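# Commentary on secondary and tertiary structure
What follows is the residue order along each chain.
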Amino acid sequence: ATDDQIRRFIDRKGIEGYTVRILTDKTTKKSRGMAFVEFKRDRDAEEALKLDYSLFLGRRIRVERTAVGGGKNARRDGRNSRAKKTQEEERLTHV
């Protein structure tokens, strides 16, 4: 799928304020068949989660929440370590 195809699919649901990043193979630069979509508003993310297992370009898609977005940078790494700590604390409180 292209960035535009993903955007048209999300736009049809009335969702706005998001960014799309398609994951690609480092060597071939071809799509890996996955994308991260980051939403500015929680309510838009909640609406997008309702798209799980819907048809997109003739295939069933998975729409899942991630602890943090993909990519490698210092800001993301900081969020990732905080998210892991929070997840560990939640596991400990639910034992």
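The following paragraphs examine the structure supplied in this document. (Residues numbered from 1 in each chain as written. Predicted model: local features only at pLDDT ≥ 70, side-chain atom pairs only at ≥ 80, totals over all residues. Heavy atoms only, no water.)

### Some remarks on the pairing of strand S2 (residues 31-39)
The pairing of strand S1 (residues 18-24) with S2 spans six bridges and is classified as antiparallel. Opposite Thr24, over in S2, you have Ser31 as the bridge partner. The hairpin turn running from S1 into S2, its antiparallel successor, is six residues long, and Lys29 in that turn takes a positive phi close to 65°. (Pairing = 2+ DSSP bridges. Helix = DSSP H or I, 4+ residues; strand = E, 2+ residues; numbered from the N terminus.)

### Concerning the pattern of salt bridges
In total, this model carries seven salt bridges according to the counting rule given. Put simply, Arg41 and Glu16 hold a salt bridge, and the shortest N to O gap is 3.8 Å. Separated by 25 residues along the polypeptide, Arg41 in the loop between S2 and helix H2 (42-49) and Glu16 in the loop between helix H1 (3-11) and S1 bring together distant segments of the chain. In this structure Arg41 comes out as partly exposed when scored by relative accessible area, which is 30%. Residue class for Glu16 comes out partly exposed when judged on its relative accessible area of 48%. (Salt bridge = Lys/Arg side-chain N within 4 Å of Asp/Glu carboxyl O. Buried < 20%, exposed > 50% of the residue type's maximum accessible area, 1.4 Å probe, protein only.)

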